[in-house]
Amino acid sequence: MARRNIRTLIAIAGCATLVGTLSATPAQAAAPRCDIRAIKPWVYPASGVVVATNSTSCYGPVRNVRISTRLYKFHAGWVVFVFKRQVWGAVKSNRNGSLNAWGASSPAGACTRYMTQATVKWTTASGTPKSKVRYSGAVKLRASGPC
């Protein structure tokens, strides 16, 4: 008899959880946080410049959100070629976006290795600072595109 009651309680608890989950919005269901992705550098066809891009999503409430993208170029070691940052400030519910850093490519015939670094920093509602840093894979590019 006790086993049957335990199974009934588990079944009821499972239904209650399912109903609670279904009634929540996606922003409420996700814990407050920011995520970021570093996208491999690419060449903008019209101008031949190399572009580093990040893709960022924040689910609030979070505050003091700052995102940045760095384009690294390999020249006797990895060096920051271009840097760009943006301040989002407070994110009450959710926000998605991207940030591009544009840099002049190497001469048309030269193949150069590039890599993207993407960073997001934010503060939780309780005041805890958080951050995430991601790197893309390295890619060889020239003004006309891939090598």
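Before any of the text, the structure's been laid out above.
Conventions we followed
Residues numbered from 1 in each chain as written. Predicted model: local features only at pLDDT ≥ 70, side-chain atom pairs only at ≥ 80, totals over all residues. Heavy atoms only, no water. Disulfide = S-S within 2.5 Å. Helix = DSSP H or I, 4+ residues; strand = E, 2+ residues; numbered from the N terminus. Buried < 20%, exposed > 50% of the residue type's maximum accessible area, 1.4 Å probe, protein only. Phe/Tyr/Trp six-rings, centres within 6.5 Å; stacked < 30°, edge-to-face > 60°. Lys NZ or Arg CZ within 6 Å of the ring centre and 35° of its normal.

**Here we look at the state of the cysteines**
Here is step 1 of the chain: A full pass over the atoms with the stated rule returns two disulfides.
Here is step 2 of the chain: Residue C34 pairs covalently with C58 via a disulfide, S to S 2.1 Å. Every disulfide takes its handedness from the sign of the S-S torsion; for C34 and C58 that torsion is 110°, giving right-handed. Taken together, the positions of C34 in strand β1 (residues 33–43) and C58 in strand β2 (residues 50–59) put the pair 24 residues apart, joining distant regions of the chain.
Here is step 3 of the chain: Since its relative accessible area comes to 0%, C34 is described here as buried.

**Things to note about the packing of aromatic side chains**
Here is step 1 of the chain: Applying the stated rule across the entire model yields six aromatic pairs.
Here is step 2 of the chain: Lying over the aromatic face of F81, K73 brings its terminal NZ or CZ to 4.7 Å of the ring centre.
Here is step 3 of the chain: If you follow R113 out to its NZ or CZ, it ends over the ring of F74, 4.1 Å from the centre.

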